[in-house]
Every structure is written in structure tokens, then in C-alpha cells.
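Examination of the molecular architecture
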2 protein chains.
Amino acid sequence: MTTADRLSTGTGTDATWRTINAIRFLSVDAVQAARSGHPGAPLGGAPMAWVLWDRFLRHNPKNPAWTDRDRFVLSNGHASMLLYSLLHLTGYDLSIDDIRSFRQLGSRTPGHPERGLTPGVEVTTGPLGQGFANGVGMALAEKVLANEFNRPGHEIIDHHTFAIVSDGDLEEGVASEAASLAGTLGLGKIVYLYDDNEISIEGDTDLAFREDVAARFRAYGWHVAGPVGGNDLEGIAAGIQAGLDETSRPSLVIVSTTIGYGSPNKAGKASSHGEALGEDEISLTRKALSWEYGPFEVPEDVRTNAGAAVVRGAERESEWDGRFDAYAVAHPELAKRLTQDMAGDLPDGWDADLSALAGSFTDPVATRAVSGKALQAIAAKLPRLIGGSADLAGSNNTMISGRGSFQPESPDGRNLHFGVREHGMGAVINGMSAHGGLLPYGGTFLIFSDYMRGAVRVGALSELPAVWVWTHDSVGLGEDGPTHQPVDQLMSLRMLPGLTLIRPADADETIAAWKLAVENRHGPTALALTRQALPPLVLLGATAGASAGDVGRGAYVARDFGGAPDLILIGTGSEVQLALGAASKLAAENIKVRVVSMPSWELFDAQSEEYRESVLPRSVRARVAVEAGISTGWERYVGLDGAVVGMEGFGASGSGGAVMRHFGFTVENVVAKARSVLGR
Amino acid sequence: MTTADRLSTGTGTDATWRTINAIRFLSVDAVQAARSGHPGAPLGGAPMAWVLWDRFLRHNPKNPAWTDRDRFVLSNGHASMLLYSLLHLTGYDLSIDDIRSFRQLGSRTPGHPERGLTPGVEVTTGPLGQGFANGVGMALAEKVLANEFNRPGHEIIDHHTFAIVSDGDLEEGVASEAASLAGTLGLGKIVYLYDDNEISIEGDTDLAFREDVAARFRAYGWHVAGPVGGNDLEGIAAGIQAGLDETSRPSLVIVSTTIGYGSPNKAGKASSHGEALGEDEISLTRKALSWEYGPFEVPEDVRTNAGAAVVRGAERESEWDGRFDAYAVAHPELAKRLTQDMAGDLPDGWDADLSALAGSFTDPVATRAVSGKALQAIAAKLPRLIGGSADLAGSNNTMISGRGSFQPESPDGRNLHFGVREHGMGAVINGMSAHGGLLPYGGTFLIFSDYMRGAVRVGALSELPAVWVWTHDSVGLGEDGPTHQPVDQLMSLRMLPGLTLIRPADADETIAAWKLAVENRHGPTALALTRQALPPLVLLGATAGASAGDVGRGAYVARDFGGAPDLILIGTGSEVQLALGAASKLAAENIKVRVVSMPSWELFDAQSEEYRESVLPRSVRARVAVEAGISTGWERYVGLDGAVVGMEGFGASGSGGAVMRHFGFTVENVVAKARSVLGR
């Protein structure tokens, strides 16, 4: 197929082929101007992309936020110029000057597509596999919302998720995980085009990727069409149509393409993948494809042909608007809620039940258990909350009671079962968030945040709201041992921009943390929660139960033992109790001690200089931080003269209490460190 | 099959079944004593485990380090008691008291198997999917070594890699990646038993895992046998034998088991998975399986039956020893090298070519390019160096020249092609390292260390030597933009215990870093390398080219401008040049400045207090750190009175130079920060 395809004439003189060639040369020219980028995939993939966008994709270039638009994901984000060319030609707010400034600082056409920066870019892609899994999340969101909002005669949510995916995407485990999940869940509105070009960066894909992709996807429960030739426009269209016709299984259309198509010396070679073709080769390519226009030149007939998307898009959205108006008349409450949910606004009183929980925990309780209660309280008032766990729901306390499991047979279920697929879960949840209309959450043990870090990072970069429920947050989890005991995770997650990590110290802090997580519309929030029970801080001498305001400022004075402090003890999560215990001992010796609970570095660092100084006065240098995570990094708050009661290496298997004592997480040890810092 | 299996009598009175039951009850009793652990998998998996160990596994319990032993991996590490029971009964140095102290602090029977802690545990497992991929690495190592060392009539390396893998393992992307690679590479000496119990923690596997596993593995190029019943000893044996008979493809034997087999109320249920059965249920289980012995009691006939492994193992190793002696006579050099390689010892003069490179780079050069040269120099003298990249070999400079690609058709190739599978690469390399005889390395962009962090962590915990070649180590990589620009990675990797991260500042530091990486036998070493060219520090005023000693101490004084310093500028990697540039400007104003190059925090922190004080005197508090990574964390060395020239958020797409300037990585900005710290 590929050989035949290479011999075919992947060009022509009609408007379709001229548009395809315009996409190809905008891409090639932009890469050349930047002297950086990836021309090979746009040259090979332009025909399938254009068939999809021209004949199938339902979108409105003038309103990229239209609720019921089809979603399109370019999973091989390095082919960004393919997407930018499509956006430009079909009338999105992306000018030829934007195209000319490809990969330049400050442009709207960065090296890889970035959500929020470029109109029409649904998700940030580039790290391979993420986009594939994001699309699964989008299709999942569509199915959830369709089930939630559609009513007989009112199919108000009814769109597809399309993607172009590459060999590299299919090699990545995150895509494998998402593919298996999509098959299990029967997400029939997925249609992915597989850009099967048989070339990887290191050479022929046979070097590392000899599997039978079609058979693998069928095994996952997918419908597979093709292979069809990369220039076989009708074959591609038939493949896509077959995917649309198949409604109970996700579809993969295998398209045999030629990387760098049209380039006489680089077509079919890895050399066309990741660098500009060069002026000479571009000239030869222009000749080979009979493209007589200059760099960045788009002939008028192509503009007219591609620009028809604007009129079509306006008509489509207008038609939908009419249907939505009828829906709003028939189902005003649903219409209002859908509008609110798509905007990400919170309904009045959403936190009434949650707030009522504050102060209600008087016995020691694990923060993971409080989190479970908080989840119920929120879910009761905020139906768009949806999520699940990577097969640890019982341990993560992530099940919403009484709402069933989301399954092919029960699309009304609100509990997702991701299986033991943390990375896939992360990227699927990012896709759900990007789709809009839902606030997704995902749970696993904190240690396995490592497995999903690739997805957490892209979500943070993309400012996608989501709640990560990471339980078993320290060596205090006990017997499972060092493979399961997070040590480096708390601190290393603090290094990740855009992620708000909150490690609550008791029930009230946990309730506040959930409130903040739901209200955070500018990125993901991670909750680090204990397996073991923690006493309410007020019972240990804290001045009052933590308010959402306290936690929202990231750190607050839990109590001053005495007046202006000689010593500050800073704790987080399960170790704040040790700080309070140590403080009361030291206070008995007339040492003036302040205990600071610091559930979130990010939130504290975002406060005013004045507030930060009020909590941690620069003049007080006798400081001890207490946290059952790696010590390194705490110097940010304790400086060169302070000390840390923390971990210096991996944990150990044993009962939680024994392990905590073994590693020095005791009141006595905090007191001893404090003394040494004070020089007493 | 499973239904039939559940009805079968998975027990009996002969020695085999009594041994299987002994394994089951040792496991159940240990979990019960610990009040913590996983009884379900040992109850269901004991028959297949025993068939494998009794009839097939070639090992010597009295010498777990025997070179040519078969490797066994328990990928579902939570079933640790299954493995501990096998080790105890077959005569490894693991006593009944060790079994009794399961999951207790300081025991040799931790919650999940840990390499190095328990004799006979090949790899640390628990984080699912890792063991599966480790086994692929072991089989790959076997194939490489067999090709390297075997000679006609001397099959000195000839063993298999067995594993038990669970649903959870097969759901994880890291296992998918490794499975596809194993199929591609035709690793025919893999035989894995799939413990297909249809139960996940959240319930029936149908909740999240409806794929056709057999079809999926066939698509990867595996041979698949079964399903056979979990108590069908002959069927299991036939499946394993079929796997052994198949020599060109890895084999998966599907075994339909019943989790918690024998437990009247918990068999087949998730409730038997992760907590003790309880005294009452254990009594009922004893009755159901006609096991009349008390807790931890092993009847003598079982000890005799299982203990036969000691005699058999000694005979097998002795037979091999004889063959090895003959080999040593016929091929003395090879025999010597194999012995040396398996011991991890370095041959005399291994670094001669490498050392010769030092000082030879007089023009600016990217540290990734120097790394490529260093790799050639080492490979020429150290044949056991082997590795590759996750499809970025050209960018990572990880190809060994003239040694070809390792492929099914060319097992003598020394360059591995992992495909775009970072996590799989990490875990496969850990497995190669655990096998022994090779020093593996793996390359990708630093940003994608996130994708493989799960594997890097297990490698660090297991103290497995490996070299991670992570290039494109900062926003300085330029146009690829924030999806590809590491920001948080450098600092977050420093939080990971057991990993030595080195970020060299020029060619000489890079050469030294490689020397240290090869010599590090107690864990992985990561090299963070630039895409962009860096000038030799000596050309910028450094006193001398860095020696291996300098880099080995983690940080050293690159130059004192003036006498006892008023100010210390600390740089790493590509930013040391900025520190030197700023220092010479400040020195012109008679400010006494010290420039410290700090390629490795871990190595520096391991130095004596005296050395550290000599580099960073406590009395000098005017300190500025310069690193193109996240600022947070540098307070460890600059304290509360210093400053950091670093990143505060994500990067941006643009030319490397423009991006660096945009984020303040300029001599002028370093000078300005220094002035502010000095209060001038």
C-alpha cells in the first residue's frame, strides 16, 4: 500500500488538491523560515487532514468555543504547522503573519500546539501519547454530557472526537492505556487517523515497532479501517465514514502515508522529519508537486475553497443555537446548568454541604477519609464533578456514593474505573477537562504520581482544572514499604509550575483544600492525603480550626506559644501535630514558639510580601520544618540556620507508627532539633 | 475455564499438592500475623508458581548469584509472600523466622520484594508493570551476552526469564511498551505466566479491562498459550513447555486462576486481595483445603520435597562450572572478561581513551556532543557498555559507532532502539542491569525523564547501575517550546534518593561525568546535557579544566576573583559561563567573587563538612545561584539572604538565545542580582 502510495500522484489541479498543497507549502515554508520544525508529517498528512476538516469536521472557525463542535486533536504535536495551516486557511483568528512567525518568541505559533495560546488548538500536544489519551477523555466527556443533558428530541450534545496519531503516539504506554480504556468503555464517537508512515526518527519503524497495530487495536475492542493510501482521498473519506458509522466502538483508520511526501530527496526518509528541508529541496518539492507559488503565498481559489468553512461553521452553530433555544424552552434548568457547566461557573451554594462538614470531625481521622466525605458533599451539589481511581478507589476514597459506575451499559454512572493505568488516567482527565462541562478528578497513591507525571505536567502547562486525589502520602503508610512510600514526591511536585499541591493537616484543612480545588479554574490541584488517622489540630492546641482562608493563604499561624517568637516550627500534613506537640514542650521551658501549618507552598508564595512576613518574620532565623518527605528543598523556608526533620532516603516496610518513629518523626526529635537550632 | 477451575479440587494429598498448600498457608499465615498484606494472589497462584519452580526453574538456592541461573520475576510484587514462601521452602537463606516477621521493620521480608535485601529476589517489584519490563531487560541481556560470549560447543550463557504477571501489570503502559519491544526483538527465552484472575481491586476486571489479552499479545509478536486452569498442573506445565519450545518469540501462558482460592467466603472476590483473611476465614480455608497444620508449620515431607531444589541446584551449577572450566581453557580471555563483567569490575585502562579526551575541546561544543564522543571512547574499551535511545539517538548522541543495531537479525548489534517508549526503556534497562554482565544506558530528552520516572525511582531504590543520558536540558533548547523545555526536572530529580544527577558545564566536566557514571556501581547516574554549544570554562577565566576529582566532589571553586570572597556565584551546566562572566565584571569593581561550578548536588552533599565549608564558607551569605531550571530549592545553598537566577514558570518557544535572554539568563542579570544581594 505504501509503495503504491508513493508512486501515486498525491497532487492535482482541483481546489481540493490545491488546498492540500497550500497546507503542505505553508508548513514547509514556515519551518524553513524558522530554520526549525517538522516538515515531514505535514507533507505526508495534509491529504487526510484536509479530507477530515473539509468533509467531516463540524466546527465554527469564528467561535472555537462552540459547545457542540467536533473536537480535533493533533496528537503528533510536532506536526504543528499542519494544524496552524488548517486553522489559518479555514478562517480561525490566525493570520499569515502568525504563520510567518512560527516558533518565534512571543508568537501564537509555538513549536508545539499550546492550548490557550492559539485559537482552535484544543489541547497542548508534543509529548507523544498525551493527545491520543486526551481525545479519549474528550469522547468520554461527550458521552457523559450527552447522557446527562440530552432529552428526547433534544440531542444537544452530539459531536465526535477526531485525532491524527502517529507511530510514536502508538508506541507510548499512555496511549496504550487510554486505548484499552476507550475500548472497554465503548467510546464509539472516537475516530482517529493513524499516520502510518513507517518512519521513526532513528529510521525504519521496524527497528523498534514491528507489532500488528490493527490486530492490537481490535484486541482493545476498537474498530479498525484501512489501510488506505495517504493520497487516496476517497479511501480516507470512506475510512472516516466507516468510523462514524460504527457507534459502539472507537475507530482507528490506518492511513499509509509517506513522510516528506513530494520532496524528491527526502520523501520516505527520517531526514524529512525534524528539520527544515532547505531552500533547494523546497524548490524541488515545489516543482514535483507543480506548486508555482512563492513562500507563504496562498492563491485566491484556495482561500475561497478553505474559507468556506467559515460560512459552514456559522450555519452549523446557528442551527445548533436554534435547537438549543428550543431545548432551553423545554428544559430551562438543564439548559442553564449546561451553560454554567461549560463556562466553568459554580452554582450558588455549591459548597453548602461541604462547609457544613467543617468542625464536625472531633475524633482522629485519616485525611483520605475526610476527602471521601468532602467528595460526597460536593457531588451532591455539583453534578459536574466526576472521576475515579486507577484501581484504588477504596483506598483513595474516591467513589461517589449512590451514583454507580460509568460503563457501556450504564453511561449515567458517575464513577470512572481507570484500571491500573495512572498515566492514561491523567491524560484522559486532562482531555475531559479540556472538553469542558465537567470537573474531573483522579485518584491513586501519591507514589504513583510519578507514573502520571507526564500528564500532570501537560495539564499544569495547559491550565486545565482537575483534582488529583493522591493518598498514602508518606512513609506513614507503613507496611507496603519503600516501593509504595512517597519520599521525593511532595517536594518534586512543588517544583512543577502551575500545579497547586495541598497537604492538609487535619479534617478542617482537608475540607478547605477541596473547596480550593473546586474553585481553582486555572490549573490542576493536587491533594496529598494520609492513610493514617490525624487528630484535629484544635485538640493539640491550635488556636482554631483552619478556615478555607487559612489554607487558601498556603500557610498560617496555627498558634503562638508566647509572644513574638524565638523559634518557628513549620509543619505540613501529618507532621503539624508533631510541631504542636514539640511547641507545647518547648513553651513549658519559656521558649516562645510559633507553629505554622503550611499546607501549600504555591498558595503561600502567591501571598503578599506583607502576609508572608507576618507568618515567617525574616528576623526569626531559628526555624525547623517537619515533614515526612525528603528534607532537601525546605531550606527555602528554614534557610541556612534552620533544620529539617525529614527523610534523607527511602522508607522501609513496617507498621506505620514504627516506621515514623524509626525515621525520627517524633515530638522528642522535633524538640531536639529545635534545641540545636536555638543553640540550647 | 475459570468457572471449571473454581469447581476443581485445587488440592490433593501427594507431595506436590501438599507443597502447594504449604506455600498457600505460609502466605496466608504471614499476612495474618502482620495484619497486612495480600493473601489472594498466593492462594490462587501457588500451583502455577510451584509447577514453574519445581519442574522448570534452573536455579541454585545456595548461590542466588549463579551466572547462568534462570531469572524469575514476580511482577505483581504485592504477592510477595508467594515468593518468600518459595524461597524459604526451596532452601534459600530465608528462615521461618524471616517469614514470621513479614512486613515488620528491619525484616528481610518487606511488603514488596526488594532486590538486595532478600536472597533470591532478582528485582524490586510492587509498582505494577516494572517487573514485566525488567524481565524483558533480563532476556535482552541474556541474548546479548549469549551472542557475545558463547562459542561453538560452549553455550555458557543459556537461560530463561520467567515471570508471573497480573492484570494490573498488563494494564500498565510500561508493560505494554516492553511487550511490544520484546516482540519486535524476538526475545524467545521469555516465558511469562499471566495470573488471569478476573478480579481487580475495584471489582470485576470488566470494569476497566475488557480487552482480548491473547490477541493483543499475538499482535505484539508473542506466542500465547492457554488459557489453562489455575489448578491444572499438567496444563500449566504444558503451557510453560510450549513457551520453552518457542524460541523466536516471547511467550505468554494464560492461567485462569481464582484469587483467594480455597477461602470459602472470599475466593473469587476482591476482598481476598489486599488484607488478611482473618482467623475465622483462615480456619475455614484450612478445612476446605484439608490442611491440618498450624500457623507457619511446614510438614516434613513438604520440606523434603521442596528442599530437593538444593541438591538439584548444586548439581546444575556444578555441571555448569565444569562447562565453564572447559570454556575457560578454550577461551581464556572471554572467560576472564565474562567473570569480570558479571562482577561489575572494570578492566584496567578502561578509561584510557576517555581520559585522553580531556582538554581536547577548545571550541564551544554542546555537552551532548561531548557525551557522544565520550561514549565512543568508553565503548572501545568496555564492551559491556550497551544502550540506546527512545527514538532520539541522533539528538541524544547515544549511538556507538560501528557497532550496528541490535535486532533479531543482528544480535551482535550494540545499539538498542527502544522506540518512543521512555518508561519501558527505563524498566528494560533496569532489568538489563539487574541481570548483570552489562552496563546499560538510555537516552531521551530531559523533559521525558518525567515519563520514565517510575522506572528511574525503582532503579535508584534497587541501587542498579545505569546511565541516563538526558539531553536538551533547559529552556536553552529553544524552538520546541514549553512542552519540551525542562524546567522542574533538574530540581525534582535531585529529590530522588539514590540517583546521582550530574549537569556538566563544559566538555571537561562532561568527560569527568561519564567517568563517574561508569564507576558508580551503587545506583543510576543521570547526565543532564545541553543541546547548545558551551565554551570551555578555562576560556572564560576558570582556573583550570575540571578534573574527574572536581566533578566527583560535586562542586568546586572554578575561580576566586580576589581573595576571601565577599560573594559566591554558584552555577551549573550552561549557566556556569554566566557566573564567570558576571564575576569578571564584578571583580573589575573590586568585589571579591568566587565562582563555584556545582555539577552535582548529591556528590557535593556526600563530601566532608570540611570540604563543603571550603567551597561554601558559612560566613559568606551573599550568594547567587544561576541555573536555567526552577529556582525553588536553590535556597539550600543560597539561604534566605541569597538570590537565584532561575525559572519561575514554564518556558517559551523561540530561538534558544532569545529564550535564554527573555528569562534573564544573561551576564547583566546575574550582575544585577549579585549587586542586590550585596546591597549595592
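See the structure shown above.
Here's what I pulled together on the structure shown here. This is a predicted model, so every value here is computed, not measured.

Of the transformation superimposing chain A on chain B, the axial component is 0.0 Å and the angular component is 180 degrees, with the fit at an RMSD of 0.0 Å. Both copies of the chain, as the preceding transformation shows, are related through a two-fold rotation axis. Here 100% of the contact residues of chain A are again contact residues in chain B; the copies associate through an equivalent surface.

What follows is about the pattern of salt bridges. For the structure shown, the criterion picks out 74 salt bridges over all chains. Of the charged contacts in the structure, one is a salt bridge between K189 of chain A and D158 of chain A, with a shortest N-O distance of 2.5 Å. Taken together, the residues K189 of chain A in the loop between α8 (173-185) and β3 (190-196) and D158 of chain A in the loop between α6 (130-149) and β2 (161-166) connect sequence positions 31 residues apart. You can call D158 of chain A partly exposed: its relative accessible area is 36%. Linking R216 of chain A and E211 of chain A is a salt bridge whose minimum nitrogen-to-oxygen distance equals 2.3 Å. E211 of chain A carries the same exposure label as R216 of chain A, and that label is buried. Where salt bridges share partners, they join D450 and D488 of chain A together with R453 and R457 of chain B into one cluster.

This part is about the sheet that holds strand β9 (residues 385-389) of chain A. Residue and element names in this part refer to chain A. Pairing in this open sheet of six strands is parallel, and the strands run β10-β9-β11-β12-β14-β13 from one edge to the other. Single-partner strands in this sheet number two, and they are β10 (415-417) and β13 (500-502). In this sheet, neighbouring strand axes are inclined to one another by 20 degrees on average, regardless of whether the strands run parallel or antiparallel. Of the strand pairs in this sheet, β9 and β10 are connected by three bridges, and their pairing is parallel. Bridging across to β10, G387 finds its partner in N415. Against the sheet, helix α15 (residues 367-381) engages β9, β11 (439-445) and β12 (466-471), with an angle of about 150 degrees to β9.

In this section: the environment of R414 of chain A. All names here are of chain A. Inspection of the secondary structure assignment puts R414 in the loop between α16 (393-396) and β10. Along the primary structure R414 and A579 are separated by 165 residues, whereas in three dimensions their C-alpha atoms are 40 Å apart. The residues contacting R414, other than those within four sequence positions of it, are V144, E148, P383, R384, L385, I386, G387, I400, R403, G404 and F406. Polar side-chain contacts of R414 include one of 2.8 Å to the backbone oxygen of P383.

Criteria and thresholds
Chains are numbered independently. Their residues run from 1 in the order of the written sequence. All chains are assigned letters beginning at A, and all ligands numbers beginning at 1, according to the order in which they are written. Under the rules for a predicted model, residues below a pLDDT of 70 receive no local features and side-chain atom pairs below 80 are neither given nor counted, while totals for whole chains, interfaces and linings still include all residues. Hydrogen atoms and water are omitted, and side-chain values are computed over all heavy atoms in the structure. Least-squares superposition aligns the copies on the C-alpha atoms of those residues with pLDDT at or above 70 in both. Contacts were defined at the residue level, with two residues in contact if any of their heavy atoms lie within 4.5 Å. Take a side-chain nitrogen of Lys or Arg and a carboxyl oxygen of Asp or Glu: if they are within 4 Å of each other, that pair is a salt bridge. Only DSSP runs of H or I with at least four residues qualify as helices, and only runs of E with at least two residues qualify as strands; both kinds are numbered from the N terminus onward. Partly exposed residues are those whose accessible area sits between 20% and 50% of the maximum for their type, while under 20% is buried and over 50% is exposed, using a 1.4 Å probe and protein chains only. Two strands make a pair as long as DSSP finds a minimum of two bridges between them. Working convention: axes come from line fits to C-alpha atoms, limited for helices to the stretch in contact. Angles between N-to-C directions cover 0 to 180 degrees. Polar contact is the term for a pair of N or O atoms within 3.5 Å; when the atoms are in protein, one must be able to donate a hydrogen and the other to accept it, and sequence-neighboring residues count only if both atoms are side-chain atoms.

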